[in-house]
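As a plain string of letters, each chain reads:
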Amino acid sequence: MRLTRLFLLTTGLLLSLVTALLLHSSWADWRHVDASELGLAAMQRAYLAMKVAETASAERGPAIPVLNDTEPPDPAKRARLTDFRHATDTALDQALAAVAGLADPASVSARAQLEQARTELARARVEVDRVAALPHAERSAPGRRLTRAPIDQMFAVIDTVLGAVTTQSAAAEAVYPELAMPLVGARYAAELREYAGRLGSQFTTPLATQLPLERGDEREIAVLTGRIEQLRKLISLQARVSRASAPLQAAIATMEARYFGVGLPLVRELTERGQSGQPYGLDSAAFVGRYVPPMKSIVELRDTLFAAARDDATARVAAVRRDMAINATLGLAVLCIELTVFLLIRHRVLLPLLRGTRGMNAIMDGRDLPSDHLPPVTREDEIGDMQRAVAALRDATLRRRALEAEREQLIGQLRVASDTDFLTGLPNRRAFAEQAARLLAQGRRHGWPLALLVFDLDHFKRINDQHGHPAGDAVLRAVAELARCQVRQGELLARYGGEEFIILAIDCRPAEAALLAERLREALADNPVVLPGDVRLQVTASFGLACTEARALLDLDSLYREADRALYRAKAEGRNRVCRSEPAARLDAG
Ligand SMILES: Nc1nc2c(ncn2[C@@H]2O[C@H](COP(=O)(O)OP(=O)(O)OP(=O)(O)O)[C@@H](O)[C@H]2O)c(=O)[nH]1
């Protein structure tokens, strides 16, 4: 597998894993936060239900004077009852609104209990109003206890509401088991407040009538007192076990001092008086004035316990949220770092590696590699070393190629120089032999006739002797130029040596060759060579011509010998003429 593909695969796998881990941990954190918030909300709903119990319990206070009211009824007592009822209704509405629309089992159960409490409360109130509307004599008839029944119905309401408190409190404890002490303690305090209220209620009628306690009252007082002491012990035990905080200990101490130090002893004293038939020494209003205020210390303890639980839970929710934020931030940071590392490796390692490889391949394939294909090497790491190595290889290759090109050029120049006569620029004898062989082969293939024309300047030695060697050179160059102008396609002109020139013409019949030789001879004879100093030299040449069929020819040497012999004859016969070897005819220059 290629490195880039492997890298992509592993990076993709790592990114997927980290993302999955991040999602999983975020999901778990979110669930934790959600559960913590639900627990806190359940706690707050439990508190709202406690407030319902508190207000419904308090409603009994103004209900008893109304039930025991004399004629004509006191509107102030009824107005006070109406205010307390309104407070209970408000607390009940708030508690029901808090559980409205919730589908969790605890909330559904609490809603049912609160709805039931509302129904029971409505019935109890109807009963209170019905009994209160009876004539006073009938209500206060000894032994009938008519005013007792509505109050008992109101007790039942509190029991139902405390059920809702327990349901919601248990839901909160399930989320925060470590907060069981303050939550259970708050429930105990709420119950304690209720039983303390009930205990006080036992004395309202005896104090209003100033009659001794009946046996049923005594029993009820004993049961309630026992329950109150039991709750007191439970609360102090919980506080000891859980090492209660200073504010909580202060609230317990206040309750001990106020309710158990003032309220309960008052009840005990009145009980003793009621049992022994002694006068109570105070009426029901005075009793309420002395007994009810100490009960507030129980409510304060309840609120202190609840506040401790709620504050702790709120802090835990904040901590869980903070943990979730930290986890998510760390996870995202890991993801970002991984992505950055991926991009860094890709840009700083893989891509330079690929470019380097491509560069080396281009060098190996001999393709052009301009220097701007490779970025300037500024890096000092291993990749920089590799890039410098590639650049060095490229430079060496470019240098080698330049040397090769120079060498090829030199070889070409040498080849041209070795094939060319330096004086006239015509092909030399060697080049003539090469090119003539190719023309001969071509002539053979096509079955063409051939003609070989050799010409030699007449008395050239004299020119050298009379005008100097440079003048001779100039004459040779002029003759070469003139001959070059006369030859056509398929005619090969060369300097054969000294002042001798040669022309091989293919696809050329003897008559055409004779015309060529004659044309050349005339051109030389008619065009004097002009030397520096305006010296005009009349130059002539003698021509030897040999013709044949290309296919009949074995090699050019034999044809040359024939032409040379014809030239010799032209010299011998007086120069400035053309002699043909075959047939042995003589073409006079005329
Ligand atoms: N200036 C010059 N002279 C050359 C060159 N090559 C040969 N020669 C001269 O050409 C002359 C040839 O002389 P000869 O062979 O006697 O022939 P000729 O004087 O032309 O007499 P015929 O051929 O019999 O007409 C010699 O003097 C050579 O030195 C050359 O490249 N430049």
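Note that this is a predicted model, so its numbers are computed, not measured. (Residues numbered from 1 in each chain as written. Predicted model: local features only at pLDDT ≥ 70, side-chain atom pairs only at ≥ 80, totals over all residues. Heavy atoms only, no water.)

Trainee: Could you give an account of the site of the ligand, with specific residues and numbers?
Mentor: Looking at the ligand, there are 16 residues lining it, with His-459, Phe-460, Asn-464, Arg-495 and Arg-575 nearest. For the ligand, an oxygen atom lies 3.0 Å from a polar atom in the backbone of Lys-461. The side chain of Glu-499 places a nitrogen or oxygen atom 3.4 Å from an oxygen atom of the ligand. Within the complex, 66% of the 660 Å² of free accessible area of the ligand lies under protein. Of all elements in the fold, only strand S1 (449-457), helix H12 (460-467) and helix H13 (469-486) reach the threshold of two or more residues within the shell around the ligand. Of the residues that constitute the shell around the ligand, the class distribution is 3 nonpolar, 5 polar and 8 charged. (Near = heavy atom within 4 Å. Polar contact = N/O pair within 3.5 Å; in protein donor to acceptor, adjacent residues only side chain to side chain. Areas by Shrake-Rupley, 256 points an atom, 1.4 Å probe, with all protein chains shown as cover. Helix = DSSP H or I, 4+ residues; strand = E, 2+ residues; numbered from the N terminus. Nonpolar A, V, L, I, M, F, W, Y, C, P; charged D, E, K, R; others polar.)

Trainee: Explain the pairing of strand S2 (residues 491-497) residue by residue, including any values.
Mentor: Counting buried residues in S2 gives 6 out of 7 residues, a clear majority hidden from the surface. Two elements, S2 and strand S3 (residues 500-506), share 6 bridges in a ladder whose sense is antiparallel. Its bridge partner being in S3, Glu-491 is matched across the sheet by Ala-505. Between the end of S2 and the start of S3, which pair antiparallel, lie 2 residues, with Gly-498 showing a positive phi angle near 50°. (Buried < 20%, exposed > 50% of the residue type's maximum accessible area, 1.4 Å probe, protein only. Pairing = 2+ DSSP bridges.)

Trainee: Could you give an account of the environment of Gly-497, with specific residues and numbers?
Mentor: Its place among the elements puts Gly-497 in strand S2. Looking at Gly-497, the relative accessible area reads 34%, which means it is partly exposed. Sequence separation of Gly-497 and Asp-456 is 41 residues, and the distance between their C-alpha atoms is 9.5 Å.

Trainee: For the nonpolar core, give the residues involved together with the corresponding values.
Mentor: Core analysis: the biggest nonpolar cluster contains 84 residues, and Met-43, Leu-199, Tyr-259, Phe-287 and Tyr-291 have the highest contact counts within it. For this core, the secondary structure elements donating two or more residues are helix H1 (3-67), helix H2 (75-99), helix H3 (105-132), helix H5 (148-175), helix H6 (180-209), helix H7 (215-241), helix H8 (246-276) and helix H9 (284-365). In this structure, Met-43 is in contact with Ala-172, Tyr-176, Leu-179, Leu-183, Phe-306, Ala-309, Arg-310 and Ala-313, ignoring residues within four places of it in sequence. If you look at the next biggest cluster of nonpolar residues, it comprises 37 residues, including Leu-426, Leu-482, Leu-520 and Cys-547. (Core = buried A, V, L, I, M, F, W, Y, C linked by side-chain atoms within 4.5 Å. Contact = heavy atoms within 4.5 Å.)

Trainee: If you had to explain the side chain of Asn-428 to someone new, which residues and values would you point to?
Mentor: Assignment of secondary structure puts Asn-428 in the loop between helix H10 (382-419) and helix H11 (429-446). Under the relative-accessibility criterion, Asn-428 is labelled buried at 16%. Dropping the residues within four chain positions of it, Asn-428 is found in contact with Ser-418, Asp-419, Thr-420, Asp-421, Ala-494 and Arg-495.

Geometry only, nothing functional implied.
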